[in-house]
Amino acid sequence: MKLFAAAVLAMQLCACSNDSKAPPPRPQASAAPDLESAAIAAGVIPDPANTDITGLYARDTDRVCVVPDQLNYRIGAFVDYGDQQSCSGSGTVTRVGEALHITFSRAEGCDFDARFEGDRIVFPGRLPQACEKLCARRASFAALDVRRLSESLSEASTLRDTKGRLLCNPGG
């Protein structure tokens, strides 16, 4: 029994010895990227900073077209809620990163900043009062949110409003 107790004591002393190699400390994880950055890195969603905005966008009866112009882009937007409630306008858009500065030409003072999110264009919830000139009845461009249907210049340049006007006439 004394031999057994001595063996147990020897094993306990060996276990407490500093000679045994402890596992190396785990390196601290760096700050995890946000979900959007991780999705962009994995290729799940496009990087808005490196994506051309040219194309045709839609959601339900809302439509937006964007085509290249000499210096920037031309944009057209059309919403139709039926019962003669609609909005229609065209103008120019300049891009700085994910920000789009939109100026509608038929309504002086209707200019605002929207967001480009890779395959989505989102108008702000509040627009200048001048933008109401582009709309009939209670329709509005406020909070317009459309997703890209096509990157095709030819499809984007054929968008028309209810009066048959081309909204994204390239170069015009």
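Located above this text is the structure these notes cover.
So, here is what we can say about the structure in this document. (Residues numbered from 1 in each chain as written. Predicted model: local features only at pLDDT ≥ 70, side-chain atom pairs only at ≥ 80, totals over all residues. Heavy atoms only, no water.)

## Thoughts on the overall build of the chain
Convention followed: Numbering of helices and strands runs from the N terminus; a helix is a DSSP stretch of H or I covering at least four residues, while a strand is a stretch of E covering at least two. The protein chains shown are the only cover counted for residues, whose accessible areas, like all others here, come from Shrake-Rupley with a 1.4 Å probe.
Helix and strand counts for the chain stand at three helices and eight strands. Reading the chain from its N terminus to its C terminus gives the helix and strand order α-α-β-β-β-β-β-β-β-β-α. Surface exposure of the chain reaches about 11200 Å², of which carbon and sulfur atoms provide 54%.

## Structural notes on the packing of aromatic side chains
By convention here, two paired aromatic rings are described through the distance between centres and the angle between planes. As a reminder of what qualifies: Whether two aromatic rings pair depends on their centres lying within 6.5 Å, for rings of Phe, Tyr and Trp, where Trp uses its six-membered ring; planes under 30 degrees apart make the pair stacked, over 60 edge-to-face, and the rest tilted.
In this structure the tally under the stated criterion is four aromatic pairs. Of the aromatic side chains, those joined through ring pairs into one cluster are Phe104, Phe112, Phe123 and Phe141.

## Some points on the nonpolar core
Selection rule: Residues belong to one nonpolar core when they are buried, are Ala, Val, Leu, Ile, Met, Phe, Trp, Tyr or Cys, and are joined through side-chain atoms within 4.5 Å. The rule is simple: take the accessible area with a 1.4 Å probe, protein chains only, and divide by the maximum for that residue type; under 20% is buried, over 50% is exposed, in between is partly exposed. Residue contacts follow a heavy-atom distance rule, with two residues in contact if any of their heavy atoms lie within 4.5 Å.
Core analysis: the largest hydrophobic core is formed by 28 residues, its most contacted members being Val64, Val66, Ile102, Phe104, Ile121, Phe123 and Phe141. Counting only elements with at least two residues in this core, the list comes to strand E2 (62-68), strand E3 (73-80), strand E4 (86-96), strand E5 (99-104) and strand E6 (111-116). Other than its neighbours up to four places away in sequence, isoleucine 121 contacts Tyr57, Val64, Val66, Leu100, Arg115, Phe116, Leu144, Asp145 and Val146. Leu56, Ala156, Leu159 and Leu167 belong to the second largest nonpolar core, which has eight residues in total.

## Side note on the state of the cysteines
For the record, the criterion: By convention in this document, the label disulfide applies to cysteine sulfur atom pairs within 2.5 Å.
Counting across every chain of the model gives three disulfides. Bridging cysteine 87 to cysteine 135, the disulfide has an S-S length of 2.0 Å. Between cysteine 87 and cysteine 135 the disulfide shows an S-S torsion of about 115°. By sign, it is right-handed. Here the residue cysteine 87 occupies a position in strand E4, and cysteine 135 occupies one in the loop between strand E7 (120-122) and strand E8 (145-150), the gap between them amounting to 48 residues. Owing to a relative accessible area of 1%, cysteine 87 belongs among the buried residues under this scheme.

## Quick notes on the sheet that holds E6
Quick reminder of the rule: If DSSP finds at least two bridges between two strands, the strands pair. Lines fitted to C-alpha atoms define the axes, with helix axes restricted to the stretch in contact, and inter-axis angles between N-to-C directions lie between 0 and 180 degrees.
The eight strands lie next to each other as E1-E2-E3-E4-E5-E6-E7-E8, forming a closed barrel whose pairing is antiparallel. Strand-to-strand twist in this sheet, taken as the mean axis angle between neighbours without regard to direction, amounts to 30°.

## Points about the pairing of E3
Here E3 lies mainly inside the structure; seven of its eight residues are buried. Here E2 runs beside E3; their pairing, made up of six bridges, is antiparallel. Following the sheet pairing, arginine 63 is matched in E3 by phenylalanine 78. In textbook terms, the turn of a hairpin is the stretch between consecutive antiparallel strands, and for E2 and E3 this stretch comprises four residues. Bridge count for E3 against E4 is eight bridges, and the pairing is antiparallel. By the bridge assignment for E4, arginine 74 is matched with threonine 92. The turn linking E3 back onto E4 is made up of five residues, and glycine 82 within it adopts a positive phi angle of 75°.

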